[in-house]
Every structure is written in C-alpha cells, then in structure tokens.
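Fold and contact review
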Amino acid sequence: MKNTVIDWHFFIAALLFLTIVCGAIFLFPDTLYVWFDTIRIQINEAMGIVFLWAGMSALLFLLWVAFSSYGKIKLGRKQETPAFSSLSWIAMIFCAGIGSGIMYWGTIEWGFHMIDPPLGLAPNTASAIEWSAAYGMFHHGPTAWAIYTLPALPIAYIYHVKGQPILKISEACRPMLHHYTDTWVGKGIDLFFVLGLLGASGTTLGISVPMMTSGISKVTGINESFQMNVMILMVCSLLFAGSVYVGLEKGIKTLSNLNLYLILLFLSLIFILGPTVFIMEVSTNSIGLIANNFFRLNTWIDPIGKSGFPEKWTVFYWAWWIVYAPSIGLFIAKVSRGRTIQQMILGTIVFGPLGCWLFFCIIGNYGLFLQLSHVLNVSSFIQEGVPHQAIISIIYTLPLGGVMVALFTLLSMIFTATTYDTSSYIIAAVAQRSVNRDPERWNRLFWAIALSLPPAALLFIGNLSTLQAVTIVIAIPSCFILVLLSLSFLKLMQQRNYPV
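Residues numbered from 1 in each chain as written. Predicted model: local features only at pLDDT ≥ 70, side-chain atom pairs only at ≥ 80, totals over all residues. Heavy atoms only, no water.

Where charged atoms from two side chains of opposite charge approach closely, those side chains can pair. With the rule as written, the count across this model stands at three salt bridges. Notably, a salt bridge pairs arginine 174 with glutamate 171, separated by 2.7 Å at the nearest N-O pair. In this structure arginine 174 comes out as partly exposed when scored by relative accessible area, which is 24%. The class for glutamate 171 is buried, based on a relative accessible area of 7%. Close ionic contact of arginine 174 with aspartate 182 constitutes a salt bridge, the shortest N to O distance being 2.9 Å. Take aspartate 182: its relative accessible area is 56%, and that puts it in the exposed class. Here the salt bridges share partners, and the residues they tie into one network are Glu171, Arg174 and Asp182. (Salt bridge = Lys/Arg side-chain N within 4 Å of Asp/Glu carboxyl O. Buried < 20%, exposed > 50% of the residue type's maximum accessible area, 1.4 Å probe, protein only.)

Take a look at the structure:
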C-alpha cells in the first residue's frame, strides 16, 4: 500500500479525458452534433440485437443464480444482520438507479408511443393507445433492473465475503483477468467505467434539466433559456455535492429516504385528485399486456417492418441501463451487506420496477386521461419538440397547479441529487486504492462537481438524438464488461472454498 489512498495516475487520466471531451464539445458543437447523430444511426442498425440479448440474458442469469445454491450465500458474516433497514435499502437503490429520468419518461413516454406506436400499429388507434401506456413500463421493468443488478454479484462477494476493501470493476474481474488486473488492462476497464458514467450522467441530466427549468419558468414567469438551464444544473450540483460530502449514512441515505416519502405523497395526491378509476383500469390493462408479451417485447427488433421503433426506444434504453450498470452495481453491492445474494437480486428486480411503475401508472395515465378527454393536447407539445413543457403542463392541470408544479420540480431536483451523489461516491471509490468506509471527502466533492460538466456540454450542442448517441457509443464495450463480470462471478463460485 502506498502512502496515499488516491490512485493519482487513474485520477489524472480520467480528469484529462473529461476536460478534452467537454472542451471539444464547447469548441466544435455543430461538427460533433452531426458526428454523434451519424454514429447513433449506424450503431443502432449494427448492434441493436446485441443490446437486446444482453438484457434478456442478464435477467435469465440472475433468476438462475437467485434460485440456485449460490443465492443462499450471505454477503458478510453468517450471523450478520443487514446494514440498512429494508425501507432505506430499497429507497437508496431505487433513487440511485433511476434518477429524475423517471419523472420525465414516467409522465410523457406514452405520448411518443401514441404518435409513433410499436408493433406496426396505426397511430392514435385504441391498440396504439393501450400499448403506449404499457411500453414505458416494460422499458423500466425487470429486464432493466436485471442489467443493473448483474455487476453487483462479483463485486458484493469480493467486498463483503472475501473482505477486500476495493470497490473497482477491475477487481471484480480479477478471477478472469488474474495478474492483468494490476496492469493497463485493469486500469483501462476502470477508466472506461468512469468515462461511461460521466457520459451517461450527461445524458440523464441533459433530459431532466430542461424539464426542471420549465417547471421553474411556469411558477415564476421567467423565460426558459440556456443560461437558466445552467443555473438549474449548478443548483442540482450543489445539492448532490453536499449530500455526497456528508457521506453514505447521513447524506445519501437521508436524502433517499426523504425523496421516497415525498414521492409517495406526490403520487398519492395525483391518484386521489385525478381520475382514480381510469388510472387503475389502464394500469391493470398495461400489466396484462406486458405479462402476456414479455418475451416478445424483449426480443422484438422489427427485422421485416423496419419501423425503427426498437432502435429508437428499447435499444436506447438497454444501452442506457448497460452504461449505468457498473456504477449502480457497485452501489448495490456496497449497501447490501448482511443480505443474501437471493435477497439482493430479487429485492432489486422486484422493487425497482414496482417503484418505476407507480410513476407510469399514476402520472403517465393521468396525462393520457387529459389527452383522451381533450383537456390538454399533449401530442402537440411532443410534435413541436417541447415534451418538457408538456410534462409541466400536465402537472399544472391538477388542483393547486402552481404548488404541484413547484413540488414536482423540487422532487426532480432531489431525485437528481440522489442519483448523482451515488455516482460521485462510486467514482471517488474507484479513484482510490482502497475503501474501508467512505472515500475521501474532498475526492467525493471533486467528482460531484466534475459530473456537472458533461451535461452542461451536451445541453450546449443538442437534442435527444445527441444524448442517445453518446449513451449508445459508450454501451458497446460495456456489454463485454458485463460478460466478463458474469464469468468472474461463476469462477468465484467454483473456487469459493479455495484461494482465488
């Protein structure tokens, strides 16, 4: 062990790459916009099937592990109780894994699918409307959360059972990489993981910040602008910087619990004040559609019709989950001490989707009700390219609309903080040689600030296509890392009675 806990070579390399990429985006926005969009189209056509199989394989593999003898392994000492209560554990994992993106897509995704429906359906027909309410739930269902959970398997075993105080993706791959873990191969895996997380963070915030800006504009009357987007981004950055500086127990846990209570309050108000029966009926119908067509949805790539729907939506989502997976897997592993592998797997792939589905069922179906009852033309906002304004307009139709919009915007900010304080924490952990408790405070704070640079750059150059392109490009090597992590876990299980 060297005198410093910081891996300075890794730290400087990650910072240098981040500076170069963000600087290039600010200097050459138009050129990079065209380049990103071209790459997005080419990769979607060539690699879409790989992402679909990655998602389906992750879910099947995790179910096999959960119900095998491996699922009974305790992550920690045999008599050890869970480090966090079940409610806090669920809250931290859900808030870390989904972020303010659920506020965006949970409210408005049905609108995109109604206009441009899946499965070869005609727009605005009864079938298209039914599927529009269900497809977003599928995109945030068990397959998505299985992708998140997969990296947690070898990481949790090494950290809690083997007792190695290192939270690194390369360390979780050691059973397969052996001594190469300590060479440029291992460093490259960790560096790529950090760069992928920075890029994915930019994608999520690039979607969420305009929505929060629109909410503040609705309440205050201030016009939306790029400068206002940057100000909102800075406020969010300060919020999650403060949370990650305080630490895992007092900061991230407390903020996640607060967020959970506010979410339940907000959703309950909409459920009670809105069209309750309509929400329940459409939600039940959506669950039936997903259950009856689950394998079809997981494998539909539309090779004959070539509508482009799977590439635009499912492939993008799976790429998004894949890029985030190592980070969320590290965090799931960190907070799951005292639970069995089965509890960790089933808890994540059950409660994660249930939390997401509450948003789609309540807020999403409330918006759909407004559209069908001609109270608000949500489709027109989407066709005009301002879906974030549609989201705020939906919330504003509720009783005490201004108050509800303010609460919605506050929730979005807290949701952003609970996701990015987790990301900052994990990057700081990877940038250290060992992590017995929390990473160094200044290290956590530094990466919290650094996380605000990619979304600022992406907000500067583009639209959703640009953000999708960044995510999809980063996801390609991440698929191979997931395979490596799966093989490492199997090797750990084979050698668990012997030195690794």
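In this section: the nonpolar core. In terms of nonpolar packing, the biggest core is built from 168 residues, with Trp105, Ile108 and Leu153 touching the most fellow members. Excluding residues that lie within four positions of it along the chain, leucine 153 makes contacts with Phe61, Leu62, Val65, Ile341, Met344, Ile345 and Phe489. (Core = buried A, V, L, I, M, F, W, Y, C linked by side-chain atoms within 4.5 Å. Contact = heavy atoms within 4.5 Å.)

Together, Trp8, Ile12 and Trp442 make up a nonpolar patch on the protein surface, roughly 320 Å² of accessible area in all. Mapped onto the elements, tryptophan 442 comes out in helix H21 (residues 441–450). (Patch = residues over 30% accessible without salt bridge, like charges linked within 9 Å, V, L, I, M, F, W, Y side chains within 5 Å. Areas by Shrake-Rupley, 256 points an atom, 1.4 Å probe, with all protein chains shown as cover. Helix = DSSP H or I, 4+ residues; strand = E, 2+ residues; numbered from the N terminus.)

This part is about helix H5 (residues 126–139). Helix length check: H5 (14 residues) gives 21 Å between terminal C-alpha atoms against 20 Å at 1.5 Å per residue, within 8%. A bend of about 30° at serine 132 is the largest found in H5. By the criterion of burial, H5 is predominantly enclosed, with eleven of the 14 residues buried. (Expected span 1.5 Å × (residues − 1). Bend = angle between axes of the 7 residues up to and from the residue.)

This paragraph deals with helix H2 (residues 29–66). Between the first and last C-alpha of H2 there are merely 46 Å, a value that for 38 residues lags more than 12% behind the 56 Å anticipated at 1.5 Å per step. The largest bend along H2 reaches roughly 60° and is located at methionine 47.

On to the side chain of glutamate 109, then. Secondary-structure assignment places glutamate 109 in helix H4 (residues 101–115). Side-chain polar atoms of glutamate 109 contact the side chain of histidine 139, separated by 2.8 Å. Setting aside residues no more than four positions away along its own chain, glutamate 109 makes contact with Tyr135, Gly136, His139, His140, Trp313, Tyr317 and Phe360. (Polar contact = N/O pair within 3.5 Å; in protein donor to acceptor, adjacent residues only side chain to side chain.)

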